[in-house]
Amino acid sequence: EFSDSIKYATEKSEIIFICVNTPPKPTGEADLIYVEEVSKEIARNLSKFTLIVEKSTVPVETCERIKQVFEIYGKKGLYEIASNPEFLREGSAVYDFFNPDRIVIGVESKKAEKMLKNLYKKIKTTFVITDTKSAELIKHASNSFLALKISYANMLSRICDIVNADIKMVTYAMGLDKRISSEFLKAGIGFGGSCFPKDLMAFNFITKKLGLNFKIIEDTLEINNTQVDYFINKIKNKLWNLNRKKIAVWGLSFKPETDDVRNSQAIEFIKKIISEGAQVVAYDPKAIENAKKVLKESILYAKDKYTAVENAECLCLLTEWKEFINADFKKVKQLLQAPFIFDGRNVLNYKYLKKLGFYYEGIGIRCTS
Ligand code: UGA
């Protein structure tokens, strides 16, 4: 059932999830105004006991703040505040929902624990029952750790470039150690999306507020923020000036299987090279409409991947959509002005491409042409 009436939804519900946006302020701090406003509205409309579950990604101690709002605007005894962070990934959210690695429940009473466990009873997984602050921290800590792994791999990829080693072999072998795992160790142009960059900035902000300096988080962001430039320099080393050069781009979304371009490294890349005078023709299977809202007419949008490469001086792969990996590269070579491929996600078969006569460059890939 759908409703835009908070009053109606509150009256009809035993459990209410708060899933509103928590965007970053210019300082990186999470903006919690929507959480506060919706809490106030729910509190005002309570008429029976309701479990309020904080689902949005929020800094530690937000549930305490929500409680304060309920103490002011709600009636004592009619509410309890719980935390139940989500770990869904864009593009596989439904699968992730039914197959979670864990369900984290931060509660203050057995009653709330029972209500939430009952709600999720059909899902077979590990239930982590804890307090609200720990639950809130689990979310920020998890996302930051995943992002840290990516930046770690990206810094390693730069080392590989310098000494002519192979990042894929390095991270593959690292990942065989179960304590490390191969997940989120793929080097590339860096992480984007509406979660990692925002959550790391918010986590950094909150740790500073707590009087701590969690330098690793800052380093993770710093490596990520310079990875696109690092990639652009590779292109410049080969192509010399970017000014007036036609560059083909494959991929606009922040990762495959989504049309989301928020904080996409591909968009960052494009903005940077057009500021140097490059003429970009881009193609993405799903994200063109969203990219147009951001990049407007500053680039050309191709109707398919082959049209994008026509007469371009190089091809840059920025999002690892399957259709790019399986493209007909003989055809690509005929269409390009010069046979240069820069693989920002390390997904193409460079041995094959080199056999076809391409100059190939990935990030930390051992392959001299
Ligand atoms: C992320 C987390 O993975 C989810 O668990 C979490 O629930 C979600 O944020 C959230 O906080 O809501 P999501 O942003 O959908 O999910 O995307 P990821 O699949 O985590 O990828 C994030 C970025 O990291 C992408 O740009 C991807 O290309 C990049 N990435 C990922 C790498 O560069 N290398 C890797 O090895 C893995």
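Residues numbered from 1 in each chain as written. Predicted model: local features only at pLDDT ≥ 70, side-chain atom pairs only at ≥ 80, totals over all residues. Heavy atoms only, no water.

Asker: So what about the overall build of the protein chain? Which residues, and what values?
Answerer: For the protein chain, the helix and strand inventory stands at 15 helices and eleven strands. When the 369 residues of the protein chain are sorted by exposure, 48% land in the buried category. Summarising the internal contacts of the protein chain: among those between residues at least 6 apart in sequence, 71% fall at separations of at least 24. Accessible area of the protein chain: about 19,000 Å², with a carbon and sulfur share of 54%. The average position of the 57 basic charges and that of the 47 acidic charges among the side chains of the protein chain differ by 4 Å. (Helix = DSSP H or I, 4+ residues; strand = E, 2+ residues; numbered from the N terminus. Buried < 20%, exposed > 50% of the residue type's maximum accessible area, 1.4 Å probe, protein only. Contact = heavy atoms within 4.5 Å. Areas by Shrake-Rupley, 256 points an atom, 1.4 Å probe, with all protein chains shown as cover. Lys, Arg positive; Asp, Glu negative; His and termini not counted. Charge placed at Lys NZ, Arg CZ, Asp CG, Glu CD.)

Asker: Quick one: what's the story with unusual backbone geometry, residue by residue and with numbers?
Answerer: Its identity is not glycine, yet glutamate 257 carries a phi of approximately 65°, on the positive side. Mapped onto the elements, glutamate 257 comes out in the loop between strand 6 (246-250) and helix 10 (265-275). At lysine 296, a residue that is not glycine, the phi angle is positive and equals roughly 50°. Within the fold, lysine 296 resides in the loop between helix 11 (288-295) and strand 8 (300-301).

Asker: An account of the site of the ligand is requested, with residue identities and associated values reported.
Answerer: Lining the immediate surroundings of the ligand are 20 residues, of which Leu88, Glu90, Lys139, Asn143 and Phe254 lie closest. Glutamate 90 places a main-chain nitrogen or oxygen 2.7 Å from an oxygen atom of the ligand. Between leucine 185 and the ligand, the recorded distance is 3.3 Å, taken from a backbone N or O atom to an oxygen atom. For the ligand, whose free accessible area comes to 720 Å², the fraction covered by protein is 92%. Listed by contribution, the elements that provide at least two residues to the shell around the ligand are helix 6 (132-163) and helix 8 (196-209). A total of three residues in the shell around the ligand trace back to one element, the largest contributor, which is helix 6. Of the residues belonging to the shell around the ligand, the class tally is nine nonpolar, three polar and eight charged. (Near = heavy atom within 4 Å. Polar contact = N/O pair within 3.5 Å; in protein donor to acceptor, adjacent residues only side chain to side chain. Nonpolar A, V, L, I, M, F, W, Y, C, P; charged D, E, K, R; others polar.)

Asker: With reference to specific residues and values, describe the sheet that holds strand 9 (residues 314-317).
Answerer: Taken in spatial order, the six strands make up an open sheet running 8-7-6-9-10-11, and their pairing is parallel. Lying at the two open borders of the sheet, with one neighbouring strand each, are strand 8 and strand 11 (359-361). Direction of pairing for strand 6 relative to strand 9: parallel, over a ladder of four bridges. Pairing of tryptophan 250 across the sheet is with leucine 317, part of strand 9. Packed onto the sheet, helix 9 (residues 215-239) meets strand 6, strand 9, strand 10 (340-343) and strand 11 and runs at close to 165° relative to strand 10. (Pairing = 2+ DSSP bridges. Axes fitted to C-alpha atoms, helices over the stretch in contact; angles between N-to-C directions.)

Asker: How would you summarise the packing of aromatic side chains if you had to cite specific residues and measurements?
Answerer: According to the stated counting rule, one finds 14 aromatic pairs in the structure shown. A ring pair is formed by phenylalanine 97 and tyrosine 120, whose centres lie 6.4 Å apart and whose planes are at 50°; its orientation type is tilted. Note that phenylalanine 97 is positioned in helix 4 (residues 93-98) and tyrosine 120 in the loop between helix 5 (110-119) and strand 5 (126-130), a separation of 23 residues in sequence. Residue class for tyrosine 120 comes out buried when judged on its relative accessible area of 7%. Relative to phenylalanine 269, the ring of phenylalanine 231 has its centre 5.7 Å away and its plane inclined at 50°; by these criteria the two rings are tilted. Here the residue phenylalanine 231 occupies a position in helix 9, and phenylalanine 269 occupies one in helix 10, the gap between them amounting to 38 residues. When sorted by exposure, phenylalanine 231 lands in the same class as phenylalanine 269, which is buried. In this structure an aromatic cluster arises from ring pairing among Trp250, Tyr283, Phe324, Phe329 and Phe358. (Phe/Tyr/Trp six-rings, centres within 6.5 Å; stacked < 30°, edge-to-face > 60°.)

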